[in-house]
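Each chain, written out:
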Amino acid sequence: MTAPTAPTTASGGALAGLRVLEVGHIISGPFCAHLFADHGAEVIKVEPPAGDDMRRWGGLYKGVGLYWPIIGRGKKSVTLDLRRAEGQADFRELARTADVVIENFRPGTMERWGLGPEDLQAANPDLVMVRITGYGQTGPLRDRAGFGSIAEAMSGFRHLSGEPDRPPVRVGISIGDALAGTQGFIGALLALLSGHLRPGPRGQVIDVALYEATWMYMESILPEFVKLGTVRGPSGPLLPGIAPSSVYPTSDGRWIVMGANKDTVFSRLADVMGRPGWAAPDGRYSTHLLRGEHQLELDAEIARWTREQTVDALLAVLDRAGVPAGRIYTAPDILGDPHYRAREMVVEVPDPSLDGESVPMPGVVPKLSRTPGSIRRGAPLLGEHNDEILGALRTVPAGGRRP
């Protein structure tokens, strides 16, 4: 089923008028800049002469990594060799015209190139600089190489992933990098807002550590250890003590996920299953605590019931009963789902790197009513905007911002 073409809007987006320099590579920095581009900012991706490795990573189609059309969409590409004095000088001039700089090199790299915050903010005191690293700009681990996968492990995320008594697994996407990029985006917006609310220079440095961006989502694992002496471990598809809330099989080989742990919802599930006594005041599963204590037994009973029905029939029954449930989606499910299409969450974007061929991808999130974001163009060709951007530098007056 064909996805709709990416929408365009007259508003230009909430961040129209901002200029963002992305000197990022792979995922975390580029993901942060991708969010700016979706919401209207002019994002200039500064790449080495060979280009960002993301152009060639992952599943390849016509030599292009298929994450690149998504993470590169809406951006402009300029090539500079930041290891050379000429490239550094050009970048300093670009930074003088910018509102935000995003980088995700190891701490000290930008400083060695003469492009650290002190260097750039001396010429542009209003500049906001987002710095994403494995462990942050301070602390004993600051100089250690850090990838998202290592950060996920350090945060405790990987320890909770997978089945009990089996090796930890990854979620299947680079979640640590994406979370860090999102936190960088939020930090930059906070700094920009703060600059408008207070007098004086608006510049700030946003220090994002990959492990911290993941750690902040780890719920109550620390107080559970300190106060209860328990170390939460991997629990497969369920949450210990929260029942029923797991995945359940169907007769046609599919799986659904169901959350019926709230008392009122569980009562509706018990009724539709023909087991109203389960939720009666003296029933075996009548309270949240009792359902948690008998979780495995309860899940086995529910699985026997779900296994007798097809996924479509089962979901229809649960929907009529007001029990939250849904199928486990794969890419074909997403592409064919009418709700995704109605919400413009799967869109087709023509991509210059693929000779204008369209690529299906996620739409813009979140949705704003008055200044909605939009996908203005596909990912740029390497160095596509060198003449436009670098040529314009020569017209910026001394001490000015942009032409």
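These lines cover the structure that appears in this document, whether it is placed above or below. Within every chain, residues take consecutive numbers counted from 1 along the sequence as written. Reporting of local features is limited, given that this is a predicted model, to residues whose pLDDT is at least 70; pairs of side-chain atoms are given and counted only at 80 or more, and all residues count toward the totals for whole chains, interfaces and linings. To obtain the side-chain values, all non-hydrogen atoms of the structure were used and water was disregarded.

1. Some points on the overall build of the protein chain
Applied cut-off: Every helix listed is a DSSP run of H or I at least four residues long, and every strand listed is a run of E at least two residues long, numbered separately from the N terminus. A 1.4 Å probe rolled over the protein chains alone gives each residue an accessible area, and that area as a share of the maximum for its type sets the label: buried under 20%, exposed over 50%, partly exposed in between. Values of accessible area rely on a 1.4 Å probe in the Shrake-Rupley scheme; residue burial ignores everything except the protein chains shown. For the purpose of charge, His is not counted, nor are the chain termini; Lys and Arg are scored as positive and Asp and Glu as negative. For charged residues, the charge sits on one atom: NZ in Lys, CZ in Arg, CG in Asp, CD in Glu.
A tally of regular secondary structure across the protein chain gives 16 helices and 13 strands. A principal-axis box enclosing the C-alpha atoms of the protein chain has dimensions of 80 × 50 × 40 Å. The buried share among the 403 residues of the protein chain stands at 47%. As presented, the protein chain carries roughly 19,900 Å² of accessible surface, and 58% of it is formed by carbon and sulfur atoms. The averaged location of the 46 negative side-chain charges in the protein chain is 2 Å from the averaged location of its 43 positive side-chain charges.

2. Side note on the pairing of strand β7 (residues 128-133)
Defined as follows: Any two strands with at least two DSSP bridges between them are considered paired.
With six of six residues buried, β7 is to be regarded as a mostly interior element. Across the two faces of β7 the burial is the same, with Val 128, Val 130 and Ile 132 and Met 129, Arg 131 and Thr 133 all buried. Here strand β6 (residues 100-103) pairs with β7 via four bridges, running parallel. In the sheet register, Glu 103 faces β7, and the bridge partner there is Arg 131. Where β7 lies against strand β8 (residues 204-209), six bridges are found, and the strand directions are parallel. Within the sheet, the bridge partner assigned to Met 129 lies in β8 and is Val 205.

3. Brief notes about the packing of aromatic side chains
How we decide: Only rings of Phe, Tyr and Trp enter the pairing, Trp through its six-membered ring, and a pair is recorded when the two centres are within 6.5 Å. The plane angle decides the type: under 30 degrees is stacked, over 60 is edge-to-face, the rest tilted.
Tallied over the entire structure, the rule returns six aromatic pairs. Ring geometry for Phe 266 against Trp 278: centres 6.4 Å apart, planes inclined by 10°, an arrangement best described as stacked. One end of the pair, Phe 266, is in helix α10 (residues 263-272); the other, Trp 278, is in the loop between α10 and α11 (288-293), with 12 residues separating them in the sequence. Neither residue differs from the other here; Phe 266 and Trp 278 are each classed as buried. Trp 278 gets classed as buried once you look at its relative accessible area, which sits at 8%. Grouped by ring-pair contacts, the aromatic residues Phe 266, Trp 278 and Tyr 285 constitute a single cluster.

4. With respect to the sheet that holds β7
Stated precisely, the cut-off is as follows: Axis angles are defined between N-to-C directions and span 0 to 180 degrees, where every axis is a line fitted to C-alpha atoms and, for a helix, only to the segment in contact. Contacts between residues were defined by any pair of non-hydrogen atoms, one from each residue, lying within 4.5 Å.
An order of β5-β2-β1-β6-β7-β8 is seen for the six strands of this open sheet, with the pairing classed as parallel. Whereas interior strands pair on both sides, the edge strands pair on one side only; in this sheet they are β5 (75-79) and β8. Across the sheet, the mean angle from the axis of one strand to that of its neighbour is 20°, orientation sign disregarded. Here helix α1 (residues 28-38) sits on the sheet and contacts β1 (19-23), β2 (42-47), β5, β6 and β7; the angle it forms with β6, its principal contact strand, is near 150°. Together, β1, β2 and β6 form the strand contacts of helix α3 (residues 85-96), whose direction differs from that of β1 by roughly 150°.

5. What about unusual backbone geometry?
The step from Ala 243 to Pro 244 runs through a cis peptide bond, and the omega angle for that step is -10°. Along the chain, Pro 244 turns up in the loop between α9 (221-228) and β9 (245-249). In this structure, Pro 366 follows Val 365 across a cis peptide bond, with omega equal to -5°. Note on placement: Pro 366 falls in the loop between β13 (358-362) and α16 (386-393). For Lys 62, which is not glycine, the phi torsion reads 55° and is therefore positive. Structurally, Lys 62 is set in the loop between β3 (60-61) and β4 (64-65). The phi dihedral of Asp 355 falls on the positive side, at around 55°, and the residue is not glycine.

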